[in-house]
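# A look at the structure
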Amino acid sequence: MKKWIIIAGAAMLALSAGGVAAQQSVPRRSHYVLINETGSHEFDLAYKMSLKLAEKKSGIENALVLLTALPASKTIEETATSLFARLRIGERSHGRGILYVYAVKENLMKIEVSYALEGEIPDAVCRRLEEAAKTYMLSEMPQDFVTELIITTNLRGMGSKREAGDVSRPKWLNAEFLSGGAGAHDTGYRRTLDDYQRAIRRLPDASLEQFAPSTDAAESVRRYLASLEAGIGDPRLPLLTEGSRVFRAVVPRNDAQQQRIYEYFTSGGAYRLIFSGGLGLAVPPADKSNLPIVLRLGSDSLWYVDEAKAWTYFHRFEDSEGFYVKYADNPFFAELRARNPKMGRAIYDNHARTPPLPAYPFSLAAAVHAGEAAIGANPRTAANYAALGDLYLFEMDWLAPAIELYEKAVALAPGELSYRWRLMDVYLVSSRADKMLAELKYLAERLPGDKATREWYREYKKAYDFDNN
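The paragraphs below set out a description of the structure included in this document.

Cut-off values and rules
Residues numbered from 1 in each chain as written. Predicted model: local features only at pLDDT ≥ 70, side-chain atom pairs only at ≥ 80, totals over all residues. Heavy atoms only, no water. Helix = DSSP H or I, 4+ residues; strand = E, 2+ residues; numbered from the N terminus. Buried < 20%, exposed > 50% of the residue type's maximum accessible area, 1.4 Å probe, protein only. Contact = heavy atoms within 4.5 Å. Areas by Shrake-Rupley, 256 points an atom, 1.4 Å probe, with all protein chains shown as cover. Salt bridge = Lys/Arg side-chain N within 4 Å of Asp/Glu carboxyl O. Core = buried A, V, L, I, M, F, W, Y, C linked by side-chain atoms within 4.5 Å. Phe/Tyr/Trp six-rings, centres within 6.5 Å; stacked < 30°, edge-to-face > 60°. Lys NZ or Arg CZ within 6 Å of the ring centre and 35° of its normal.

### Comments concerning the overall build of the protein
When its secondary structure is counted, the protein shows 18 helices and 10 strands. When burial is assessed residue by residue, the protein has 56% of its 469 residues classed as buried. Counted over contacts in the protein with a minimum sequence separation of 6, partners at least 24 positions apart contribute 64%. Roughly 19700 Å² of accessible area belongs to the protein as shown, and the carbon and sulfur atoms make up 52% of that amount.

### Some remarks on the pattern of salt bridges
Overall, the coordinates contain 26 salt bridges when judged by the stated rule. Arg 88 is the salt-bridge partner of Glu 91, the closest N and O atoms lying 3.4 Å from each other. With its nearest N and O atoms 3.9 Å apart, the salt bridge here joins Arg 345 to Asp 349. A network of salt bridges, in which partner residues are shared, links Arg 296, Asp 306, Lys 309 and Glu 395.

### Here we look at the nonpolar core
Ranked by internal contacts, the top residues of the largest apolar core, which has 76 residues, are Phe 314, Leu 336, Met 436, Tyr 460 and Tyr 464. The element best represented in this core is helix α14 (residues 382–396), accounting for 9 residues. Counting 27 residues, the second-largest nonpolar core is a separate cluster that includes Ala 54, Ile 111, Ala 132 and Phe 145.

### Concerning the packing of aromatic side chains
Tallied over the entire structure, the rule returns 19 aromatic pairs. Look at Phe 43 and Tyr 47: their rings are 6.2 Å apart centre to centre, the planes differ by 65 degrees, and that puts the pair in the edge-to-face class. For Tyr 47, a relative accessible area of 6% corresponds to the buried category. Ring centres 5.5 Å apart and planes at 50 degrees place the aromatic pair Trp 456 and Tyr 460 in the tilted group. Of this pair, Trp 456 and Tyr 460 both sit in helix α18 (residues 451–463), 4 residues apart, which is roughly one turn of the helix. For Trp 456, a relative accessible area of 2% translates into the label buried. Taken together, the aromatic side chains of Tyr 32, Tyr 313, Phe 314, Phe 323, Tyr 327, Tyr 348, Phe 394, Trp 421, Trp 456, Tyr 460, Tyr 464 and Phe 466 make up a single cluster linked through ring pairs. A cation over a ring is seen here: Arg 92 above Tyr 32, with NZ or CZ 5.7 Å from the ring centre. Over the aromatic face of Tyr 442 sits the side chain of Arg 420, whose NZ or CZ is 3.7 Å from the ring centroid.

Have a look at this one:
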């Protein structure tokens, strides 16, 4: 597989014990500047990859500094200004540089841009992005926001304001939602499905009746695209599956992000609809950087949009066009490959399979509770953890609990490689590049005759070796 995902990362810069904020001399810096003084480093490789690929595309040097807290008696503005000068951001890119500084304790972000970019990225834009960070950096996927932030600022720096859009907080994501248990939280708080569903129910009323599912699959797609064009990211969109509503709550998207998805999907012309059993697929034109729309036929004869399946059945590499099928047993794989020979083999081939598709609608809460009960009755059975992980992943694309469950399955059955492939996948899409590489190395060593897996590991390892390429 000759592609890799554009998500960030790399090793923490060597600094004195006093920390970068307190350092008075010019700190030694790497080519791609990531300074992480927090206790969490699982996304470092992914963050650095974002910095690298953004510079490659825009010619703008990007730097990211994550602080546990601001220095004593210093504001976020003073801290960012000082770091920008001392790290010489933009010096090697003709004075074009962007610095992102985030302080965890204060939940504050500052975006410092060089003089050469102030016309394209004015203070007003930076302030909107910084305000959005107060919500997104407390979400379950803060790394997604950082990646989106880097993409947005670099698009603006290149003069692509329309494509960049905005990264403001979604209109529906208000304080009531956050206090309902699905947003800001104390360290160590474990959000549950009940938390998210309760928070969704507490959202203020919205007029979404025109986006109901239809008995005609083409009409459901038309309504869904109309909702994207209108920038609606509300998790209560009626034509979504229940799991997709949870997915939207876990990974909130604002108006501009939804509209960008719409524009990408429709920019290449007409899409085509294909069907297999109780599933449908709206396929964008070949070589367009977007995922297909997955449709799911309910027992009520209505066609729902399954956003979670779009992310779990398929993969889109940020440095390439088009999408790829993840699993060889995907019911659409043969037809997709026949229509687009460049698609090649499924990413995970037959190493792992998609779980059985339950009849829809069904109660997610009841299914989760049944999975938890099975684990409680047989806590040493790895398959029980993997099955519940599959429910979280394939029905909701909720990565945090899925990762925990697959890790437990692997701990109980380390020789079951299908669990490790699943774990490698969720590490990849959740920007945990270190852990992804470790799993891929393990698989390559256990599958010496699998040339594709060994080559994939070599290419990923090389891509994340920032010191030598």
